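# Structural description and commentary
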Amino acid sequence: MSTRNVIIIGSGCAGNTAAIYTARAGLNPLVVIGHEPGGQLSITTEVENFPGFPEGIQGPQLVENMKQQAIRFGAEYIAGRVEEADLSKRPFRIKVEEEWHESRTLIVASGASARWLNLPNEQKLIGHGVSSCATCDGFFYKGKKIMVIGGGDSAMEEANFLTRFGEEVTIVHRREEFRASKIMLDRCRANPKIKWLTSTVVEDVLDVEKGYVTAAKLRNVKTGETWTQDVDGFFLAIGHIPNTKPFKGQLELDEDGYIISHGGARTNIPGVFHAGDVEDRIYRQAITASGAGCKAAIEAERFLEAEGH
Ligand code: NAP
């Protein structure tokens, strides 16, 4: 097994940008595509806020363009996810599809996956009314009926943001009490466009036959009452899960599993760098992930250079 200069874990905006930069630096990076090829952008439709595309661009196209750009400079991509990692000594080792790979540096850009409700029709309607990102998709629901699921700060933030577009925004939460901070909750309570459905769970989202969201099937958990409510945009804000499982006990993670940064793109292990949503729980944008990928690539390059590679 030959030792690579850099292995990049993840093929979203962060991973692909790190691949472009390290490939152009002649480091011949290997990119592990991961279980969600293309990351979060691959499950959105139109992206209108990535600079450089005045007419907008489809999310999957944008991320594919980045990949092709990296390949043009010599990046290699392999399918599969990282099952195990050994960061205890250098070169670092990662196992992908039963095969071990070695590298002098690692860029962890494995992202954070949106948590889904696992409703029967939910996945079929992603990008057609079902979304996990208000910033990305809110604009498409001008004058429409919107539902936001969740009772945390993300749900409050997204609901408030979505009132800029929607005719009304209904927050659906499974309990009476909210996990959200008081200030965010109060802001929503003061917003006349926001309606509330507490002690309510979603049983399914409709209508797969039409190919877009028309309604949600709801149930009050106290009374057992069920009903169908018309809705155009169905936004999930029930949290994200960072993809850091193989690094647990090796990389320093916070209580929710996000990588703790040691400044710049550095982790607690010299030679292992972070990029994108795997560390960033605040901004989570395509452009910030790309920026983080660029930073990680430059740091990896300098790290290798200092060692004479
Ligand atoms: P969160 O605080 O974990 O809240 C998730 C919400 O989703 C909870 O209300 C939870 O209900 C609900 N939920 C989870 N699984 C569910 C399911 N299967 N069915 C129905 N509901 C479900 O996540 P978050 O809101 O994304 O926030 C994550 C972190 O980022 C927090 O620390 C938050 O403060 C922070 N954040 C801060 C800001 C800000 O300050 N501007 C903005 C966004 C996020 P239960 O309450 O019943 O468990």
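Residues numbered from 1 in each chain as written. Predicted model: local features only at pLDDT ≥ 70, side-chain atom pairs only at ≥ 80, totals over all residues. Heavy atoms only, no water.

### A look at the overall build of the chain
For the chain, the helix and strand inventory stands at six helices and 19 strands. What you see for the chain is a C-alpha radius of gyration of 21 Å, in line with the 19 Å of a compact globule of 309 residues. Projected onto its principal axes, the C-alpha coordinates of the chain cover approximately 65 × 40 × 35 Å. Relative to its full complement of 309 residues, the chain shows a buried share of 50%. Once local pairs closer than 6 in sequence are excluded, the contacts in the chain between residues at least 24 apart make up 60%. Averaging the positions of the 35 positive and the 41 negative side-chain charges in the chain gives two centres separated by 2 Å. (Helix = DSSP H or I, 4+ residues; strand = E, 2+ residues; numbered from the N terminus. Rg over C-alpha atoms; globule rule 2.2 N^0.38 Å. Buried < 20%, exposed > 50% of the residue type's maximum accessible area, 1.4 Å probe, protein only. Contact = heavy atoms within 4.5 Å. Lys, Arg positive; Asp, Glu negative; His and termini not counted. Charge placed at Lys NZ, Arg CZ, Asp CG, Glu CD.)

### Notes on the domain arrangement of the chain
Interface size, as often reported, equals the accessible area lost upon joining of the parts. What the domain assignment lists for the chain is domain 1 (3-113 + 240-306) and domain 2 (116-236). Taking only C-alpha atoms into account, the centre of domain 1 sits 31 Å from that of domain 2. Every contact between the two is made by nine residues of domain 1 and, on the other side, 10 residues of domain 2. It is Ile43, Thr45 and Glu48 that lose the most area in domain 1 upon contact with domain 2, and together they represent 46% of the buried surface on that side. Counting the contacts that link domain 1 with domain 2 gives zero salt bridges. The interface formed by domain 1 and domain 2 contains zero residue pairs in polar contact (both at pLDDT 80 or more). In terms of residue class, the side of domain 1 that touches domain 2 is made up of one nonpolar, five polar and three charged. (Domains from an automatic or database assignment. Buried area = accessible area lost by both parts, 1.4 Å probe. Salt bridge = Lys/Arg side-chain N within 4 Å of Asp/Glu carboxyl O. Polar contact = N/O pair within 3.5 Å; in protein donor to acceptor, adjacent residues only side chain to side chain. Nonpolar A, V, L, I, M, F, W, Y, C, P; charged D, E, K, R; others polar.)

### A closer look at the sheet that holds strand β15 (residues 215-220)
Taken together, the three strands give an open sheet; going across it, the order is β14-β15-β16, and neighbouring strands pair in antiparallel fashion. Taken across any chain shown, the strands that pair with only one partner, and hence form the sheet edges, are β14 (200-206) and β16 (226-230). On average, each strand axis in the sheet is tilted by 30° relative to the strand beside it, whichever way the strands run. Bridging between β14 and β15 involves six bridges; their strand directions are antiparallel. (Pairing = 2+ DSSP bridges. Axes fitted to C-alpha atoms, helices over the stretch in contact; angles between N-to-C directions.)

### A look at helix α2 (residues 59-72)
The first and last C-alpha atoms of α2 sit 20 Å apart over 14 residues, in line with the 20 Å expected at 1.5 Å per residue. For α2, the set of buried residues is Gly59, Leu62, Val63, Met66 and Ala70. Buried residues along α2 cover an arc of 90° about the axis, so they all sit on one side. Contact partners of the buried residues in α2: α1 (13-24), β3 (46-47), β4 (57-58), β5 (76-78) and α6 (286-306). With its phi angle positive at about 105°, Gly74 sits one or two positions after the end of α2. (Expected span 1.5 Å × (residues − 1). Arc of directions from axis to C-beta.)

### Some remarks on the packing of aromatic side chains
Evaluation of the coordinates by the stated rule reveals seven aromatic pairs. Arranged with centres 6.4 Å apart and planes meeting at 75°, the rings of Phe139 and Phe140 form a pair that is edge-to-face. Under the relative-accessibility criterion, Phe139 is labelled partly exposed at 40%. Under the relative-accessibility criterion, Phe140 is labelled partly exposed at 30%. Consider the rings of Phe139 and Phe165, whose centres lie 6.1 Å apart with planes at 80°: the pair is edge-to-face. Placement of the pair is Phe139 in the loop between α3 (134-137) and β11 (145-149) and Phe165 in the loop between α4 (153-162) and β12 (168-172), with a sequence separation of 26 residues. Members of the aromatic cluster, connected to one another through ring pairs, are Phe139, Phe140, Phe161 and Phe165. One residue, Arg24, lies across the ring of Phe73, its end atom 5.3 Å from the ring centre. The aromatic ring of Trp196 is capped on one face by Arg189, whose charged end is 5.9 Å from the ring centroid. (Phe/Tyr/Trp six-rings, centres within 6.5 Å; stacked < 30°, edge-to-face > 60°. Lys NZ or Arg CZ within 6 Å of the ring centre and 35° of its normal.)

### A look at the pattern of salt bridges
A full pass over the atoms with the stated rule returns 13 salt bridges. Across the pair Asp256 and Arg281 runs a salt bridge, and its minimum N-O distance is 2.7 Å. On the criterion of sequence distance, the pair formed by Asp256 in the loop between β18 (240-242) and β19 (272-274) and Arg281 in the loop between β19 and α6 is long-range, its members being 25 residues apart. By relative accessible area, Asp256 is classed as partly exposed at 41%. According to the relative accessible area criterion, Arg281 is partly exposed, its value standing at 36%.

### Points about the site of the ligand
Neighbouring residues of the ligand: 16 residues in total, closest Asp153, Ser154, Arg174, Arg175 and Arg179. The contact in question runs from an oxygen atom of the ligand to an N or O atom on the backbone of Gly151, over 2.9 Å. Contacts to the ligand include Glu157, whose side-chain N or O atom sits 3.0 Å from a nitrogen atom. Across the complex, the protein chains shield 70% of the 910 Å² of accessible surface that the ligand would expose by itself. Sort the elements by how many residues they give to the shell around the ligand and α4 lands first, with three residues. Residue classes in the shell around the ligand are distributed as four nonpolar, six polar and six charged. (Near = heavy atom within 4 Å. Areas by Shrake-Rupley, 256 points an atom, 1.4 Å probe, with all protein chains shown as cover.)

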